[in-house]
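Descriptive structure summary
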Amino acid sequence: MKKGLFITVEGPEGAGKTSVIKKIEETLQERGQTILLTREPGGIEIAEKIREVILNPEHKAMEGRTEALLYSAARRQHLVEKVLPALEQGITVLCDRFIDSSLAYQGHARGLGIDEVWGINQFAIGDMMPDCTLYFDIDPAIGMARIAQNKGREVNRLDLEGMSFHHKVREGYLMLLERFPERIHSIDASRSFEEVYEEALSIVQSLQ
Ligand SMILES: Nc1ncnc2c1ncn2[C@@H]1O[C@H](COP(=O)(O)OP(=O)(O)OP(=O)(O)O)[C@@H](O)[C@H]1O
Ligand SMILES: Cc1cn([C@H]2C[C@H](O)[C@@H](COP(=O)(O)O)O2)c(=O)[nH]c1=O
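Residue positions within a chain follow its written sequence, with the count starting from 1. Going through the entries in the order they are written, you letter the chains from A and number the ligands from 1. Local features are withheld for residues below a pLDDT of 70 in this predicted model, meaning they are given only at 70 or higher, and side-chain atom pairs are given and counted only at 80 or more; totals for whole chains, interfaces and linings count all residues.

This part is about the UniProt feature "binding site: ATP" (unreviewed entry) in the protein chain. UniProt tags Gly11, Pro12, Glu13, Gly14, Ala15, Gly16, Lys17 and Thr18 as "binding site: ATP" (unreviewed entry). Secondary structure is summarised from DSSP: a helix means a run of H or I of at least four residues, a strand means a run of E of at least two, and numbering begins at the N terminus for each. In this structure, Gly11 sits in the loop between strand 1 (6–10) and helix 1 (17–30). By definition, residues are in contact whenever their C-beta atoms, placed on the basis of the backbone, come within 7 Å of each other. Non-local contacts of Gly11, meaning those with residues more than four positions away in its chain, are made with Lys17, Tyr135, Phe136, Asp137, Ile138, Tyr173 and Ala189. With respect to the helices and strands, the residue Gly16 is situated in the loop between strand 1 and helix 1. The residues touching Gly16, leaving out its near neighbours within four places in the chain, are Phe136, Ala189, Phe193 and Val196. UniProt positions are given in the numbering used here, feature names are shortened, and annotations may be inferred rather than shown by experiment.

Using a C-beta atom placed from the backbone, a residue is described as near a molecule or strand when that atom lies within 6 Å of it. The immediate surroundings of ligand 2 are formed by Glu13, Arg39, Glu40, Pro41, Tyr71, Arg97, Ser101, Ser102, Tyr105, Gln106, Asn156 and Leu158. A per-element tally of the shell around ligand 2 places helix 4 (residues 99–109) first, with four residues. Classifying every residue of the shell around ligand 2 gives four nonpolar, four polar and four charged. Note that Gly is not counted as nonpolar here; it falls among the polar residues with everything else outside the nonpolar set of Ala, Val, Leu, Ile, Met, Phe, Trp, Tyr, Cys and Pro and the charged set of Asp, Glu, Lys and Arg.

Before going further, it helps to examine the sheet that holds strand 4 (residues 132–137). Read across the sheet, five strands follow the order 2-3-1-4-5 without closing on themselves; strand pairing throughout is parallel. One side of each edge strand has no neighbouring strand; the edge strands of this open sheet are strand 2 (35–39) and strand 5 (184–188). Put simply, the sheet's adjacent strands are angled 20 degrees from each other on average, direction ignored. DSSP-based pairing: two strands are paired if at least 2 bridges between them are found. Pairing of strand 4 with strand 5, which is carried by five bridges, proceeds in the parallel orientation. When the sheet's bridge partners are listed, Thr133 is paired in strand 5 with Ile184. Relative to the sheet, helix 7 (residues 163–179) contacts strand 1, strand 4 and strand 5, its axis offset from that of strand 5 by approximately 135 degrees. Only the contacting stretch of a helix is used when fitting its axis, a line to C-alpha atoms as for every element, and angles between N-to-C directions run 0 to 180 degrees. Each of strand 1, strand 4 and strand 5 touches helix 8 (residues 193–207); the most contacted strand, strand 5, lies at about 160 degrees to it.

Moving on to unusual backbone geometry. Cis peptide bonds are those with omega within 30 degrees of zero, and the linkage from Glu40 to Pro41 qualifies with -15 degrees. Mapped onto the secondary structure, Pro41 falls in the loop between strand 2 and helix 2 (45–55). The backbone of Arg97 sits at a positive phi, close to 80 degrees, despite the residue not being glycine. Note on placement: Arg97 falls in the loop between strand 3 (92–96) and helix 4.

Moving on: helix 8. To estimate how far a helix should reach, multiply one less than its number of residues by 1.5 Å. Between the first and last C-alpha of helix 8 there are 22 Å, a value that for 15 residues agrees with the 21 Å anticipated at 1.5 Å per step. With C-beta atoms placed from the backbone, a residue is labelled by how many other C-beta atoms lie within 10 Å of its own: buried for 20 or more, exposed for 12 or fewer, partly exposed between the two. Residues Val196, Tyr197, Ala200 and Val204 constitute the buried set of helix 8. Taken around the axis of helix 8, the buried residues stretch over an arc of 95 degrees, which confines them to a single face. Exposed residues on helix 8 whose side chains face more than 90 degrees from its buried face are Glu194, Ser202 and Ser206. Those residues of helix 8 that are buried are in contact with strand 1, helix 1, strand 4 and strand 5. What the arc describes is the spread of directions from the helix axis to the C-beta atoms.

A word on the site of ligand 1. Gly16, Thr18, Ser19, Arg146 and Asn150 are the nearest of the 14 residues found near ligand 1. Only helix 1, helix 6 (140–149) and helix 8 provide two or more residues apiece to the shell around ligand 1. Partitioning the shell around ligand 1 into residue classes produces four nonpolar, seven polar and three charged.

As a further point, take helix 2. Taken residue by residue, helix 2 has Ala47, Ile50, Arg51 and Ile54 as its buried positions. Take helix 2 and look down its axis: the buried residues cluster within an arc of 110 degrees, on one side only. The exposed residues of helix 2 that point more than 90 degrees off its buried face are Glu45 and Glu52. Lining the buried residues of helix 2 we find helix 3 (64–88).

Right, dumping it as structure tokens:
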């Protein structure tokens, strides 16, 4: 039986999600709150291994449906092995990407269809939708420029897609915002780190 809050964070490449939620985790821990920060694809050994397969830049032959199925397989294992046990203990889970990434990237940008990708993900997650999703909205040109400046970051297979793919990812997210207006909160991620962090933190706190 789920008791904790399940919060997911979404957005195009370089929107600042990972940096902001790391700081939110630190802030909440300093305040004595227990929070589990995790990510997709990954977060546990099996899913990290699937991540390596999906994101390896050498795997240029990977077909769209294979990609979608691998993301949903990693999601299933991560959900049952890590997310659900934490939620059952009443812990707030903050997850860097979840189903909306599959809907925006594979469903819309890859052209597999949002409803089709929704279908395979229902098999993977059942009714375990997030309580709240923070969507970091950014022009992909700004996001990709931020990534290019971050020399320590590994370039993955999805980063190598052309700009038109990244614009379609954002378009997909904007469609999801219209479809799930109560669950998804949009944050203007083109502002300074502090401004984005403050808004994201205030949303997370308002849920607790
Ligand atoms: N508001 C901001 N303004 C400018 N740079 C930022 C901002 N937020 C984060 N950055 C920088 O942008 C880069 C990408 O940030 P981060 O890795 O947090 O993004 P992300 O959304 O998790 O990206 P991805 O999903 O592609 O991994 C990092 O170098 C980070 O320091
Ligand atoms: C969960 C999920 C992710 N993706 C893409 C989005 C990114 O390009 C990578 C993950 O890298 P990050 O640095 O950890 O953000 O995978 C996707 O296409 N579909 C998904 O379901």
